[in-house]
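Each chain, written out:
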Amino acid sequence: MNRPQRDRTPGRLGEFAVRPLDASADAELVHGWVTHPKAAFWLMGGAELRDVEREYGAIAAHPHHDAFIGLHGGEPAFLIERYDPTEVELKGLYEAEPGDVGMHFLVAPTETPVRGFTRAVITAVMEFLFADPSVRRVVVEPDVTNSAVQALNKAVGFEVLREIAKPEKDALLSACTREQFEAATGGTDR
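First things first, this report covers the structure right here in the doc. All residue numbers here refer to positions counted from 1 along the written sequence of the relevant chain. It should be noted that, the model being predicted, local features are given only for residues of pLDDT at least 70 and side-chain atom pairs only at 80 or more, the latter also being counted only at that level, while totals for whole chains, interfaces and linings use all residues. The side-chain figures draw on all heavy atoms in the structure; neither hydrogens nor water molecules are used.

## Here we look at the packing of helix 1 (residues 27-34) against helix 2 (residues 49-61)
Two quantities define a packed helix pair, namely the angle between the axes and the distance from one axis to the other. Simply put, an axis is a line fit to the C-alpha atoms, just over the touching stretch for a helix, and the angle between two N-to-C directions goes from 0 to 180 degrees. Each helix is a run of H or I in the DSSP string that is no shorter than four residues. Each strand is a run of E no shorter than two, and both are numbered from the N terminus. Contact geometry for helix 1 and helix 2: axes closest at 9 Å, N-to-C directions at 105°. What the angle tells us is that helix 1 and helix 2 run roughly perpendicular. For the pair helix 1 and helix 2, contact is made by A27, E28, V30, H31 and V34 and by L49, V52, E53 and Y56, respectively. Basically, the charged four are Asp, Glu, Lys and Arg, the nonpolar ten are Ala, Val, Leu, Ile, Met, Phe, Trp, Tyr, Cys and Pro, and anything else, Gly included, counts as polar. Residues that form the contact of helix 1 with helix 2 fall into these classes: six nonpolar, one polar and two charged. Angles are sorted into four bins: roughly parallel if under 35 degrees, roughly antiparallel if over 145, roughly perpendicular if 65 to 115, and oblique for all others. Residues are treated as being in contact if the distance between any of their heavy atoms lies within 4.5 Å.

## Considering the side chain of D26
When you line up the elements, D26 lands in the loop between strand 1 (16-20) and helix 1. Residue D26 is classed as buried on the basis of its relative accessible area, which comes to 7%. Every residue in contact with D26, bar those within four places of it in the chain, is listed here: R19, P20, L21 and I69. Think of it in three bands: residues with accessible area under 20% of the maximum for their type are buried, residues over 50% are exposed, and the middle band is partly exposed, with areas taken using a 1.4 Å probe on protein chains only.

## Let's talk about the pairing of strand 3 (residues 75-83)
Among the nine residues of strand 3, seven are classified as buried, and the element is accordingly described as predominantly covered. When DSSP finds two or more bridges between a pair of strands, those strands are recorded as paired. Where strand 2 (residues 65-72) meets strand 3, eight bridges bridge the pair, whose relative direction is antiparallel. For H65, the partnering residue across the bridge sits in strand 3 and is Y83. Counting the residues in the hairpin turn of strand 2 and strand 3 gives two residues, including G73, whose phi is positive at 60°. Bridge count between strand 3 and strand 4 (residues 100-107): six bridges; the pairing is antiparallel. Paired with F78 across the two strands is V107, which belongs to strand 4.

## A few points about the environment of K38
Checked against the element boundaries, K38 lands in the loop between helix 1 and helix 2. Through-space distance from the C-alpha of K38 to that of L106 is 9.7 Å; in sequence the pair is 68 residues apart.

## Description of the nonpolar core
In plain words, nonpolar cores are sets of buried Ala, Val, Leu, Ile, Met, Phe, Trp, Tyr and Cys residues tied together by side-chain atoms within 4.5 Å. With 30 residues, the main nonpolar core has M103, F105, M126 and V138 as its most contacted residues. Breaking this core down by element, the ones donating at least two residues are strand 1, strand 3, strand 4, helix 3 (117-130), strand 5 (137-140) and helix 4 (147-155). Take this core: its biggest share by element is 10 residues, from helix 3. Core analysis: the second largest hydrophobic core is formed by 19 residues, A17, A23, W33 and I59 among them.

Here is the structure:
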């Protein structure tokens, strides 16, 4: 599931790129992101640095799960996890379709928010995922109380399928086909 870096330019906010996350080299950076109060839905608020390094080392070693650092203007700005939902996160919890890929994303906390940035990030994430021609649909499972990410998901074409119970949360299983994404955003070629 390793993919080369992809440059994206969603509108006026500049260049976005994606690179594989290095569990050792990126642990301190990611630790600051996933333990920040704004990342409460990431469920790692109390994690120590070694916990983050261990978690992302396990993801890197997993054959059906990987993680990436998203760059904005060459600087780390967001985190992506991509997974096979028939093997990770949603195994046995939904009716998988050929070409499904699961995704989590987290925008780095900032003291100076930029209007529209998070939407540009999720658009770049979706473009990254759909750059793989085998991907037909992206599935996500946000917490039922995470209204902010639900609004972002809807803005890029996700449709709520149903509520599901996961061990760590009640979630809204949602899916977005390539066609739904293109209809919601005007396509992947900008």
